[in-house]
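# Close look at the chain arrangement
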Amino acid sequence: MDEHYKPEAVETRWQTHWMSEELYKVQEDASQAKYYLLEMFPYPSGKIHMGHVRNYTIGDVVARYKHMRGYNVLHPMGWDAFGMPAENAAIANKTHPARWTYDNIDAMRRQLKRMGFSYDWDREIATCRPEYYRWEQWLFLKMYERGMAYRKESYVNWCETCQTVLANEQVEAGMCWRCGKPVRQKKLAQWFFKITDYAEDLLIHCDQLSGWPDKVVTMQKNWIGKSVGAEIDFPIENSFRHISVFTTRPDTIFGATFICLAPEHPMVLELSTNTSQKAEVSAFVDRISLQDRSAKGIESYEKEGVFTGAYCVNPMSGYRMPIYTANFALMGYGTGAVMSVPAHDQRDFDFARKYGLDIIVVVQPESSLLEPSAMTEAYSGEGLMVNSGAFNGQRNTEALQLIVDYFEAHSLGKRTVSFRLRDWGISRQRYWGAPIPMIHCDACGIVPVSESDLPVVLPENADLLDGGHSPLPTLPGFMRTTCPQCGSKTARRETDTMDTFVESSWYFQRYCSPHYHEGMFDPKAVNYWMPVDQYIGGVEHAILHLLYSRYYTRVLYDMGLVSYKEPFTRLLTQGMVCKETVQCPTHGFLFPEEVLSGKERLCKICHQPVNIGRVEKMSKSKKNVVDPNVLLEKYGADTTRLFCLFASPPERSLEWSEQGVDGSFRFLNRIWRLSAIWMPCVQQSPAFDGSMDSLAPDLRELYKKIHQTIFKVTSDIEDRFHFNTAISAVMELVNMMYGFSVENATPELIRLFRLAIESVVLLLSPVTPHITEEIWHELGYSNSIFMASWPKYCPDALVKDMLLVVVQVNGKLRSKFTVAADTDDDAIKQQALADERILKCIAGKIVRKIVVVQKKLVNIVI
RNA sequence: GCCUGGGUGGCGGAACAGGUAGACGCAAGGGACUUAAAAUCCCUCGGGGUUUAUCCCUGUACGAGUUCGAUUCUCGUCCCAGGCACCA
């Protein structure tokens, strides 16, 4: 065995070998337990980044570990290949999105292969291929048939100058990122998926996602946002009509002094028509319609509103309530109308103070007396009902139910639930996406493409246009078609493409049978492999991607295409890899290699000092990325993998720093050297398999350490994916092994050392598969270490015969001693009280209490 | 703003069910080996104190609380990150 560790030679040798042996190819095998390990597939941006390296290394360790535990492991990889960056790159580099994407896929595949991941590359998919998206189009047609896909109007970010719809990311402080002109909201008819039909089901099953992190489940629940309340009708003054509001606080109805309608509410303009407020209202509605209506946007604008000129009557108190339209009322939530109770809701309170509206207290806390004129904030807690007619004096929590009973009895309103979740808008006015398979016919209206005409192929040779808008509407070859219903030659194709989240909502099923031509997937393969046993990906996907996938799976379930509702049994959300951002005043965000570092960091192009920005998630658009290629060239794949895992536990975010990679490399060198030194002896000897008791004391310590390490590594991987502590444990074992000298080694020690080296190599093989494979073969094995079984620990070796007892006085550490493991608590207590240093501490004091924690600690309270 | 997390030495992190704070590693300093360097090996390493000890005080963002005992539980404050529906 060569004395020097040469990662590049070792790694390329085994990568070539594994590939020629087709080591990672898998098939359904009913005789074996399956394990589907999936990592979130990447967007092919061109280069893998540290987030990918971290994500895929974690996945690979688990895949290899499970394989060594005897599972038939499906571990696939592919490309989430549609999306906006391809269009931006095409505009910037005068190329085609398809060309750019396929080149990037080739480059990234090479990088992933260089990392030594155990993917079955025969199952690779790219979502931009018609073989993939044709089935997505097929499912769209099925969803359309069932009313699950429908069209309605909604708002988009619109840049008048570029004549383009902008993604939220392309809007910077309300301005277009390309031309810097203000962005306004524009109403467009768009396609939606009816995810709200599944709101209740998605919510109920949250509690069954026991393999998911609690925080993700909580985020999903909050996102769905079920609230129980009542819908109440408020009669409009001098009219036979009414306004319906949704409220979670029907108990406060006697305190409702005004109504707020969303600016998009159909009654806003109508109510103001015959009033002096007409002009002001329509100006307000026009102005607000240009504003960003996202949650973030709404919160960032000042709360404001305009009186419509009309009044409602409070059905309980008879109070004459002015009707306002206000920018914080959302048409998409509840009924688009809010009953405002300023005394008990902070937003209503602020609004009432701003516009001089009445505040009526109806829930009185028991501790203090609320006086409207003296209140500085709303009171939203519990209390007793006041100013509420027949309900006065009751607890508001009880009155709430009675009031709703009253509404229902008198047909004023009813119990109802409302969800925060909105339907999923899937239309994109973009080119690089899967075409929505619909046709617009002047005679027949909107008509689905017939199934036999699928796929509707996206023309890949289209040129992107200035300003970034989709070329599809300008391509006669794509646009012009015949109506499947009436045969009209003037029919036009839908030019919207689908949200890329649609592709990622079902790709995990496609991996089960990636070359299947009869449908989305082969039912046999899906029945065997699905659901995914362990899904691993960035925590940034905790809501949207995971919720859409859960929804889409339910749609497939209801169509009888799959037999499960939840696609991912266990989920690990890895923390983000973050890094500071660097911006040049002229050239914008800079890649690390575009910065000259010195006393002051300068832009490489213009030599101006750069601004160091926030620490943020590594992303291509912010350019705060680290190129894994540099690490691969300098240290190799094993060191890169080892460092990623050792640096922090997977669920935690990792602020990137160069420090520490050297340490991982040194550790692999230590293992290599240790193996090289002992190899001549160890090659000639079997591994120790005798009993622990027959060993000399120092050898027994090594034996115990080996088994403790196996135990620690196994439970760290199995229970919590804490690879950093697993690696630490192996480091400790290796440190101990360095305490033994090969000179004058007894046959017994050599046998034990073979066991130690084999254990180290087996335990690390999921993390650093190349170096361990090399040593494994040096030990005389001809099969890959990947085919070996995971080592077992001997429970007897974990038993400690001496225990350390800690003695505290008033909770402060004062002394410690070791006792035989079978010493009873009373004897430990006596020994603690007899301890010299403890006697010093408690001399002349009265011992008030003694706490003994079994075989661990004594605390003497004085 | 709202929802969800996080904050421990110079740095990454450990302490898994409330019981020794700082495992393991990096960086730094000192030493050994060497003609020299690299590599390797050994020692020191949260802060402060003096009587230099198996010593004392202090310390897990900050402020309270519960407890014999809190990095861990509760409440409040500050800061950082992720998500907020067209980045993926």
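A brief report on the enclosed structure follows. Treat the numbers as computed from the prediction; the structure is a model and nothing was measured.

### Things to note about the protein's contact with RNA strand B
Around RNA strand B sit 74 residues, and of these Ala 647, Arg 670, Lys 712, Arg 837 and Asn 859 come closest. A breakdown of the atoms of RNA strand B within 4 Å of the protein gives sugar and phosphate a share of 67%. Within the backbone of Ala 647, one N or O atom sits 2.3 Å away from a sugar or linking oxygen of RNA strand B. The element best represented in the surface near RNA strand B is helix 22 (residues 723-737), accounting for six residues. Here the surface near RNA strand B is built from residues that sort into 25 nonpolar, 22 polar and 27 charged.

### Looking at the pattern of salt bridges
Taken as a whole and assessed by the stated rule, the structure comprises 41 salt bridges. Residue Asp 251 pairs with Arg 249 through a salt bridge whose shortest N-O separation is 3.0 Å. Assessed through its relative accessible area of 0%, Asp 251 is described here as buried. Take Arg 249: its relative accessible area is 21%, and that puts it in the partly exposed class. Within the structure, one salt-bridge network assembled from shared partners comprises Asp 201, Arg 550, Arg 554, Lys 565 and Glu 566.

### Notes on empty space enclosed by the protein
Within this structure, the stated rule accounts for four cavities of 30 Å³ or more. There is about 80 Å³ of room inside the largest cavity. In this structure, the largest cavity is lined by 15 residues; those nearest its centre are Thr 164, Gln 170, Arg 178, Arg 430 and Gly 468. Mapped by element, the contributors of at least two residues to the lining of the largest cavity are helix 3 (84-93) and strand 6 (164-166). By residue number, the principal contributor to the lining of the largest cavity is helix 3, which donates four residues. Class assignment for the residues of the lining of the largest cavity results in five nonpolar, seven polar and three charged. Here the second largest cavity defines a volume of roughly 50 Å³. Forming the walls of the second largest cavity are Val 61, Val 713, Ile 717, Phe 723, Ala 726, Ile 727, Val 730, Leu 763, Leu 764 and Val 767.

### Details of the sheet that holds strand 21 (residues 438-441)
A sheet is described by the order of its strands in space; here four strands give the open sequence 22-21-24-23, paired in antiparallel fashion. One side of each edge strand has no neighbouring strand; the edge strands of this open sheet are strand 22 (445-448) and strand 23 (480-481). Here two bridges tie strand 21 to strand 24 (residues 491-493), and the two strands are oriented antiparallel to one another. Bridge pairing links Ile 439 to Arg 493 in strand 24.

### Some thoughts on the packing of aromatic side chains
Applying the stated criterion across every chain, the model contains 48 aromatic pairs. Seen in terms of ring centroids, Trp 135 and Trp 138 are 6.3 Å apart; in terms of plane orientation they differ by 70°. Their pairing is edge-to-face. Of this pair, Trp 135 and Trp 138 both sit in helix 5 (residues 130-145), separated by three residues, roughly a single helical turn. On the numbers, 3.6 Å between centres and 5° between planes, the contact of Trp 678 with Phe 753 is stacked. With Trp 678 in helix 20 (residues 661-683) and Phe 753 in helix 23 (residues 747-764), this pair connects stretches of sequence that are 75 residues apart. Aromatic ring contacts, followed pair by pair, group Phe 140, Tyr 144, Trp 191, Phe 193, Tyr 198, Trp 424, Phe 501, Tyr 548 and Tyr 551 into a single cluster. In this structure, Arg 550 packs its charged tip against the face of Trp 212, placed 6.0 Å from the ring centre.

### Some remarks on the nonpolar core
Grouped together as the largest cluster of nonpolar side chains are 122 residues, with contacts concentrated most on Tyr 36, Met 143, Phe 193, Tyr 507 and Tyr 551. Sorting elements by how many residues they give to this core places helix 5 first, with eight residues. Listed in part, the 73 residues of the second largest apolar core include Ala 63, Ile 671, Leu 702 and Val 730.

### Overview of the sheet that holds strand 13 (residues 305-313)
The mixed open sheet is built from four strands, whose spatial order is 13-14-12-15. On the outer flanks of this sheet lie strand 13 and strand 15 (337-340), each paired with one strand and no other. Averaged over all adjacent pairs, the angle separating strand axes in this sheet is 25°, with direction ignored. Taken together, the four bridges between strand 12 (residues 258-261) and strand 15 define a ladder with antiparallel strand orientation. Each residue of the ladder has a partner; that of Cys 260, found in strand 15, is Val 338. Contacting strand 13 and strand 14 (320-326), helix 9 (residues 278-289) runs over the sheet at an angle of about 120° to strand 13. Against the sheet, helix 11 (residues 346-355) touches strand 12, strand 13, strand 14 and strand 15, its axis set at about 105° to strand 12.

Rules used throughout
Residues numbered from 1 in each chain as written. Chains lettered and ligands numbered in written order. Predicted model: local features only at pLDDT ≥ 70, side-chain atom pairs only at ≥ 80, totals over all residues. Heavy atoms only, no water. Near = heavy atom within 4 Å. Polar contact = N/O pair within 3.5 Å; in protein donor to acceptor, adjacent residues only side chain to side chain. Helix = DSSP H or I, 4+ residues; strand = E, 2+ residues; numbered from the N terminus. Nonpolar A, V, L, I, M, F, W, Y, C, P; charged D, E, K, R; others polar. Salt bridge = Lys/Arg side-chain N within 4 Å of Asp/Glu carboxyl O. Buried < 20%, exposed > 50% of the residue type's maximum accessible area, 1.4 Å probe, protein only. 1 Å grid on protein atoms, 1.4 Å probe; cavity = no way out; pocket = protein on both sides within 12 Å on 5 of 7 lines; lining within 4 Å. Points joined across faces, edges and corners; volume = space filled by probe spheres on them. Pairing = 2+ DSSP bridges. Phe/Tyr/Trp six-rings, centres within 6.5 Å; stacked < 30°, edge-to-face > 60°. Lys NZ or Arg CZ within 6 Å of the ring centre and 35° of its normal. Core = buried A, V, L, I, M, F, W, Y, C linked by side-chain atoms within 4.5 Å. Axes fitted to C-alpha atoms, helices over the stretch in contact; angles between N-to-C directions. Contact = heavy atoms within 4.5 Å.

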